[in-house]
Amino acid sequence: MNIFRLAFELFVLYLLYKLVFELIIPVAKTTKQVKKQFGDMSAQMQEKMNAQQQANTGYKATKNPATPVNKSDDYIDFEEVK
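In short, a report on the structure. All figures in this text were calculated on a predicted structure; none of them were measured in a lab.

Thoughts on the packing of aromatic side chains
Any aromatic ring pair is given by two values, namely how distant the centres are and how the planes are angled relative to each other.
Inference 1: Summed over all chains, the structure comprises 1 aromatic pair.
Inference 2: Note on Y17 and F21: the rings are 4.7 Å apart at their centroids and 45° apart in plane angle, and the pair reads as tilted. You can see Y17 and its partner F21 sitting in helix α1 (residues 2-63), 4 residues apart, about one turn around the helix.
Inference 3: Since its relative accessible area comes to 48%, F21 is described here as partly exposed.

In C-alpha cells, the structure reads:
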C-alpha cells in the first residue's frame, strides 16, 4: 500500500512540476514581455506627439505677422455678367 501512495505522490509532483515549468512560467514571461513592448510603444508614441506639438508650436509662432497690412488698392469690384 505504501508503494502506491509514493507512486501517486511522485505522479502529482511530476504534474505540478510540468504545470509550473511548462505553463505558469512561460505565461508569466510572455505577459511581462508584452507589457514591456506596449510600454515601449506608448513611450515612442508620446515622444512623437511631443515632437510634433513642438514643431507645430514653432511653426505657428513664426507664421504670425507683427503688424497686419491693409491693402485697399487690391480690391476689385464685383460686376454681375449677364
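Back to the text.
Quick word on a nonpolar patch on the surface
Inference 1: A contiguous nonpolar patch, built from L6, L10, L13, L16, L19, L23, I24 and V27 and spanning about 740 Å² of accessible area, is present on the exposed surface.
Inference 2: Relative to the helices and strands, V27 resides in helix α1.

Focus: the pattern of salt bridges
Once the charged atoms of two side chains with opposite charge are near each other, the side chains can pair.
Inference 1: Under the criterion given, the structure shown has 3 salt bridges.
Inference 2: Salt-bridge contacts for E22 lead to K18; the nearest nitrogen and oxygen are separated by 2.7 Å. Here E22 pairs with K18, and both are found in helix α1, just 4 residues apart, close to one helical turn.
Inference 3: A salt bridge links D40 to K36; the nearest nitrogen and oxygen atoms lie 3.7 Å apart. With D40 and K36 both in helix α1 and 4 residues apart, this pair spans about one turn of that helix.
Inference 4: We classify D40 as partly exposed; its relative accessible area is 40%.

Thresholds applied
Residues numbered from 1 in each chain as written. Predicted model: local features only at pLDDT ≥ 70, side-chain atom pairs only at ≥ 80, totals over all residues. Heavy atoms only, no water. Phe/Tyr/Trp six-rings, centres within 6.5 Å; stacked < 30°, edge-to-face > 60°. Helix = DSSP H or I, 4+ residues; strand = E, 2+ residues; numbered from the N terminus. Buried < 20%, exposed > 50% of the residue type's maximum accessible area, 1.4 Å probe, protein only. Patch = residues over 30% accessible without salt bridge, like charges linked within 9 Å, V, L, I, M, F, W, Y side chains within 5 Å. Areas by Shrake-Rupley, 256 points an atom, 1.4 Å probe, with all protein chains shown as cover. Salt bridge = Lys/Arg side-chain N within 4 Å of Asp/Glu carboxyl O.

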